[in-house]
Amino acid sequence: MRNLLFALLLLVVGLAVLPLFLPKSMYVEEEYILDAPVEKVYSHFNDLQKFTKFDAWVQKDSAIVLEFSSPSYGEEASFSWKSEDSDLGNGSMTITETKLNEFIYYDVSFGDREGNLTEVIFQRMEDDKTRVIWSFDSGEVGYPFQVYNILMKGSVKANLRKGLENLNAILNKPVELDYKNQDVEKGGFQIVEQDPKKLFGVIQQTSIAGEEMNMAMTETFGLVKSYLMDANNLSVEQIGNPVVLWKQFNIEADNALFYCGYIFNEEVPEIDDLEYADIPGGKFLTTFHNGSYDSLYVTYNRMRKFASVQLFELSNDTYNVYLNNPEETAEDELKTQVFIPIIE
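Read on for a plain summary of the structure.

Quick notes on the rules
- Note on numbering: residues in each chain are counted from 1, in written sequence order.
- Residue-level local features of this predicted model are given only where pLDDT is at least 70; pairs of side-chain atoms are given and counted only at 80 or more, and the full residue set underlies all totals for whole chains, interfaces and linings.
- For side-chain calculations, the full set of non-hydrogen atoms in the structure is used, while hydrogens and water are omitted.
- A helix here means a DSSP run of H or I that spans at least four residues, while a strand means a run of E at least two residues long, and both kinds are numbered starting from the N terminus.
- Note on exposure labels: buried denotes an accessible area under 20% of the residue type's maximum, exposed denotes more than 50%, and partly exposed covers the range between, all computed with a 1.4 Å probe on protein chains only.
- Residue contacts are counted whenever heavy atoms from the two residues lie within 4.5 Å of one another.
- Whether two strands pair depends on DSSP finding at least two bridges between them.
- Angular values range over 0 to 180 degrees, each being the angle between N-to-C directions of two axes fitted as lines to C-alpha atoms, with helices fitted over their stretch in contact.
- Patches draw on residues past 30% relative accessible area with no salt bridge. Two like charges within 9 Å are joined, as are two nonpolar side chains (Val, Leu, Ile, Met, Phe, Trp, Tyr) within 5 Å.
- Only the protein chains shown count as cover for residues, with accessible areas throughout obtained via the Shrake-Rupley method and a probe of 1.4 Å.
- Definition used for salt bridges: Asp or Glu carboxyl oxygen within 4 Å of a side-chain nitrogen of Lys or Arg.
- Only four residue types enter the tally: Lys and Arg on the positive side, Asp and Glu on the negative side, with His and both chain ends excluded.
- Note on charges: their place is set at NZ of Lys, CZ of Arg, CG of Asp or CD of Glu.
- Site definitions follow a grid-based scheme: protein atoms alone, a 1 Å grid, a 1.4 Å probe that fits but cannot get out for cavities, and for pockets an open set with protein on both sides within 12 Å along at least five of seven lines, plus lining residues having an atom within 4 Å of a point.
- Grid points are joined across faces, edges and corners, and a volume is the space filled by probe spheres set on the points.
- Polar contact is defined as a pair of N or O atoms within 3.5 Å, subject to the rule that within protein one atom must be able to donate a hydrogen and the other to accept it, and that residues adjacent in sequence are counted only when both atoms are side-chain atoms.
- The nonpolar class holds Ala, Val, Leu, Ile, Met, Phe, Trp, Tyr, Cys and Pro. Asp, Glu, Lys and Arg form the charged class, and all remaining residues, Gly among them, are polar.
- Think of it this way: a Phe, Tyr or Trp ring, Trp meaning its six-membered ring, pairs with another when their centres are within 6.5 Å, and the plane angle makes it stacked under 30 degrees, edge-to-face over 60, tilted otherwise.
- When the NZ atom of lysine or the CZ atom of arginine is within 6 Å of a ring's centre and also within 35 degrees of its normal, the charge is said to sit over that ring.

Here we take up the overall build of the chain. Helices and strands together make up the secondary structure of the chain, namely eight helices and 16 strands. Split into buried and exposed, the 344 residues of the chain put 44% on the buried side. Put simply, 63% of the contacts in the chain that link residues at least 6 apart link residues at least 24 apart.

Right, dumping it as structure tokens:
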């Protein structure tokens, strides 16, 4: 009996002391060399819609429900998930800080467990390869979750490895589309591959209904064009056509957030609200919209229906290039080129 009581006492003391010797957080790191240039690798980590296509954690549940912010890329972009799988549960992920082609930091929440951080570092290598160092650092927890972290460490590391292997496979497999490029001038569709671009302009937030949005666009294009020509001595040919980069378009909330500006090769200084905005590179579905700007939504719907039939996905983001001047062109002769990124 005495031996039993002594054993129980040792067990109680051991359980009380054990947490003092266990780590309160879990740190895991995985390194991998991908057969793709850093620009493409960075783009897939920076766009959360692309991220979920290779992330091993998300891929575990084919019925998982995902919701993305608009836009789905860049700082403050986020997505949330809901899963019936008890290992996944519900959670969210937010991009907190980025430096183009160098690093991305994320904040990850698993239900009520917040304060988990993941970091991806990109290193450009020779022969268009990229070294990626992907780490996960959990928030501090108490006992018995310290034991859970120890048990899960190998699984988390394996998920990081599997995710990088998935991404390498995606980057080296061309998008195969069962159709021939059509005449975009007549409303057909084409797939084009573009390098990352920078739009120089001003971000605006307006209502969608009424004339507020159109007036804001007209005034902003004039402001940006004047700055580029008068303060920076750029010509009309150098500036090119006006562009709108959509960041948010919520009809129910009657709210639109968008950049108005121009894409050009010359470098100009940012000043006041005039700034650069990134347009990620990659494959885009594009077509021409002919006619009133008010019916642009019809073209967007056609593009998304086409993508659905062809079994590939489009991003929530889009940008438009306005090819003629509405003040000098009849409404039925207006021409706009629409670009929507393809999720690879």
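Take Gly 240: it is sitting in the loop between helix H7 (236-239) and strand S10 (242-250). Residue Gly 240 is classed as partly exposed on the basis of its relative accessible area, which comes to 35%. Between the C-alpha atom of Gly 240 and that of Tyr 322, which follows or precedes it by 82 residues, the distance is 9.8 Å.

Quick look at the sheet that holds strand S7 (residues 130-137) now. Through backbone hydrogen bonds, the strands of a sheet pair up, either in parallel or in antiparallel fashion. Reading across the sheet, the seven strands line up as S1-S7-S6-S5-S4-S3-S2 and stay open at both edges, with antiparallel pairing between neighbours. Two strands lie at the open edges of the sheet, namely strand S1 (27-34) and strand S2 (65-68), each paired on one side alone. Averaged over all neighbouring strand pairs, the angle between strand axes comes to 20 degrees, with direction disregarded. In this sheet, strand S6 (residues 113-124) lies alongside strand S5 (residues 103-110) in antiparallel orientation, the contact comprising seven bridges. Opposite Asp 107, over in S6, you have Leu 117 as the bridge partner. Each of S1, strand S4 (90-99), S5, S6 and S7 is contacted by helix H2 (residues 38-46), which is oriented at about 170 degrees to S6, the strand it contacts most.

Our focus in this paragraph is the pairing of S7. Most of S7 sits out of view: six of its eight residues are buried. Taken together, the eight bridges between S1 and S7 define a ladder with antiparallel strand orientation. Note on S7: the bridge partner recorded for Glu 29 is Ser 135. Two elements, S6 and S7, share eight bridges in a ladder whose sense is antiparallel. In the strand pairing of S7, Leu 117 is matched with Asp 137. Adjacent in sequence and paired antiparallel, S6 and S7 are bridged by five residues, among which Asp 127 carries a positive phi angle near 60 degrees.

What follows is about a negative patch on the surface. Taken together, the side chains of Glu 211, Asp 294, Glu 331, Asp 332 and Glu 333 make up a negatively charged region of the molecular surface. Within the secondary structure, Asp 332 sits in the loop between strand S15 (318-322) and strand S16 (335-343).

A separate point is empty space enclosed by the protein. This structure, assessed with the given rule, holds one cavity of 30 Å³ or more. For the largest cavity, the calculated volume is near 110 Å³. What lines the largest cavity is a set of 15 residues, among which Tyr 73, Ile 279, Pro 280, Phe 284 and Pro 341 lie closest to the centre. Broken down by secondary-structure element, the contributors of at least two residues to the lining of the largest cavity are strand S13 (282-290) and S15.

Here we take up the side chain of Ser 83. Within the fold, Ser 83 resides in the loop between strand S3 (78-82) and S4. Of note is the side chain of Ser 83, whose polar atom sits 2.6 Å from the side chain of Asp 61. When sequence neighbours within four positions are dropped, the list of residues in contact with Ser 83 reads Asp 61, Ile 64, Leu 88, Gly 89 and Asn 90.

Here we take up the layout of surface pockets. It is a probe the size of a water molecule, rolled over the atoms, that shows where empty space is left. Approximately 1,300 Å³ is the volume attributed to the largest pocket. Along the wall of the largest pocket there are 40 residues; nearest its centre are Met 217, Trp 246, Tyr 293, Leu 296 and Tyr 322. Only helix H6 (212-231), H7, S10, helix H8 (296-309) and S15 provide two or more residues apiece to the lining of the largest pocket. The dominant element in the lining of the largest pocket, judged by the number of residues it contributes, is H6, at eight residues. Of the residues belonging to the lining of the largest pocket, the class tally is 20 nonpolar, 13 polar and seven charged.

Counted residue by residue, H2 has seven buried out of nine residues, so it is predominantly covered. The set of residues buried in H2 consists of Val 38, Val 41, Tyr 42, Ser 43, His 44, Phe 45 and Asn 46.

It is worth spelling out unusual backbone geometry at this point. For the peptide bond that leads from Ser 70 to Pro 71, omega is 5 degrees, which places it in the cis range. For Asn 101, which is not a glycine, the phi torsion comes out positive at approximately 65 degrees. Tracing the sequence through the fold places Asn 101 in the loop between S4 and S5. Residue classification places Asn 101 among the buried positions, given a relative accessible area of 16%. Positive phi outside glycine occurs at Asp 128, with the angle close to 55 degrees. The topology assignment puts Asp 128 in the loop between S6 and S7.

The geometry of an aromatic ring pair comes down to the distance between the two centres and the angle between the two planes. This model, assessed by the stated rule, comprises 28 aromatic pairs. Note on Phe 221 and Tyr 262: the rings are 6.0 Å apart at their centroids and 65 degrees apart in plane angle, and the pair reads as edge-to-face. Note that Phe 221 is positioned in helix H6 and Tyr 262 in strand S11 (residues 255-263), a separation of 41 residues in sequence. Phe 221 gets classed as buried once you look at its relative accessible area, which sits at 13%. The class of Tyr 262 is buried, set by a relative accessible area of 3%. The cationic tip of Lys 335 hangs over the ring face of Phe 288; the distance from NZ or CZ to the ring centre is 5.8 Å.

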